[in-house]
Amino acid sequence: MDPRLIVTVPVLTYYVIMGLFALAQSTVGATFTQGQPAFLLVVGVIGPLIALGLVWLRNYIYGAPLLVGALLPTAWFVCYFFFVHDNPANVFAVGGEGSTAYLVATFGIVATSLISAGVSCWLWYQVSPQFRTAVDRFIRPEAAE
């Protein structure tokens, strides 16, 4: 099977969840702080889109690490600013109609980010001998000696 399809499916799922998140956010009326929309747009939307384009151009050496480098920080950012940090966009600070959808969509962003990053790591491991060596040395340090 084409590795581009294997990577594309979770990333497209991630984008669907991002759309549902935007819809739920507008429903509950949660307001973002100043830097949240910029980070989500640049790192959470544009970064994976560029990386997916590179993957489809068969430039796996740059596309896979860029996907990992965009999706893992997005998962961390969403976890921190939407679950932990006290701000108006925190899922526990909103109420009313759509609050459950907002909570589920926010959790969905984290889940699909991590799944997509994992699949991207798999692709990176397949195409990069350096990354494969680093991972193998991390997992089995005694084999490296």
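The text that follows walks through the structure, step by step, so that each part is easy to find. Everything quoted here is computed from the prediction, not taken from an experiment.

About the criteria used
- Residues numbered from 1 in each chain as written.
- Predicted model: local features only at pLDDT ≥ 70, side-chain atom pairs only at ≥ 80, totals over all residues.
- Heavy atoms only, no water.
- Core = buried A, V, L, I, M, F, W, Y, C linked by side-chain atoms within 4.5 Å.
- Buried < 20%, exposed > 50% of the residue type's maximum accessible area, 1.4 Å probe, protein only.
- Helix = DSSP H or I, 4+ residues; strand = E, 2+ residues; numbered from the N terminus.
- Contact = heavy atoms within 4.5 Å.
- Polar contact = N/O pair within 3.5 Å; in protein donor to acceptor, adjacent residues only side chain to side chain.
- Phe/Tyr/Trp six-rings, centres within 6.5 Å; stacked < 30°, edge-to-face > 60°.
- Axes fitted to C-alpha atoms, helices over the stretch in contact; angles between N-to-C directions.
- Parallel < 35°, antiparallel > 145°, perpendicular 65-115°, else oblique.
- Left-handed = near helix turned anticlockwise from the far one by under 90°.
- Nonpolar A, V, L, I, M, F, W, Y, C, P; charged D, E, K, R; others polar.
- Patch = residues over 30% accessible without salt bridge, like charges linked within 9 Å, V, L, I, M, F, W, Y side chains within 5 Å.
- Areas by Shrake-Rupley, 256 points an atom, 1.4 Å probe, with all protein chains shown as cover.
- Salt bridge = Lys/Arg side-chain N within 4 Å of Asp/Glu carboxyl O.

Within the largest apolar cluster, 30 residues are counted, with the highest numbers of intra-cluster contacts made by Val7, Phe21, Leu67, Phe82, Tyr102 and Ile109. Counting residues per element, the ones that place at least two in this core are α1 (3–28), α2 (36–56), α3 (60–84) and α4 (99–127). In contact with Leu67, other than residues within four places in its own chain, are Val7, Val11, Pro48, Ala51, Val55 and Ser120.

The next point concerns the environment of Asn87. By secondary structure assignment, the location of Asn87 is in the loop between α3 and α4. Remark: the alpha-carbon pair of Asn87 and Asn59, spanning 28 residues in sequence, is separated by 39 Å. Setting aside its immediate chain neighbours within four residues, Asn87 contacts Thr33, Gln36, Phe81 and Ala93. Within polar-contact distance, the side chain of Asn87 engages the backbone oxygen of Phe81 at 2.7 Å.

Take the packing of aromatic side chains next. Using the criterion set out here, one finds 12 aromatic pairs in the structure. Arranged with centres 4.1 Å apart and planes meeting at 20 degrees, the rings of Phe39 and Phe77 form a pair that is stacked. In this pair, Phe39 is assigned in helix α2 and Phe77 in helix α3, connecting sequence segments 38 residues apart. A relative accessible area of 23% places Phe39 in the partly exposed class. By relative accessible area, which is 6% here, Phe77 ends up buried.

To continue, consider unusual backbone geometry. Despite not being glycine, Arg58 has its phi angle at roughly 65 degrees, a positive value. When you line up the elements, Arg58 lands in the loop between α2 and α3.

This part covers the environment of Trp56. Considering the arrangement of structural elements, one finds Trp56 in helix α2. Residue classification places Trp56 among the partly exposed positions, given a relative accessible area of 35%. Distance in space between the C-alpha atoms of Trp56 and Thr8 is 8.8 Å, their sequence separation being 48 residues.

All right, on to the packing of α2 against α3 then. Remark: α2 packs on α3, axes separated minimally by 8 Å, with the N-to-C direction vectors making an angle of 155 degrees. Judged by the angle between their axes, α2 and α3 are roughly antiparallel. Handedness of the α2/α3 crossing: left-handed. The residue makeup of the contact of α2 with α3, split by class, is 20 nonpolar, 5 polar and no charged.

Nonpolar side chains collect at one region of the surface, where Leu41, Val42, Ile46, Ile50 and Leu66 lie side by side and expose about 410 Å² of accessible area between them. Inspection of the secondary structure puts Ile50 in helix α2. Its relative accessible area of 47% is what places Ile50 among the partly exposed residues.

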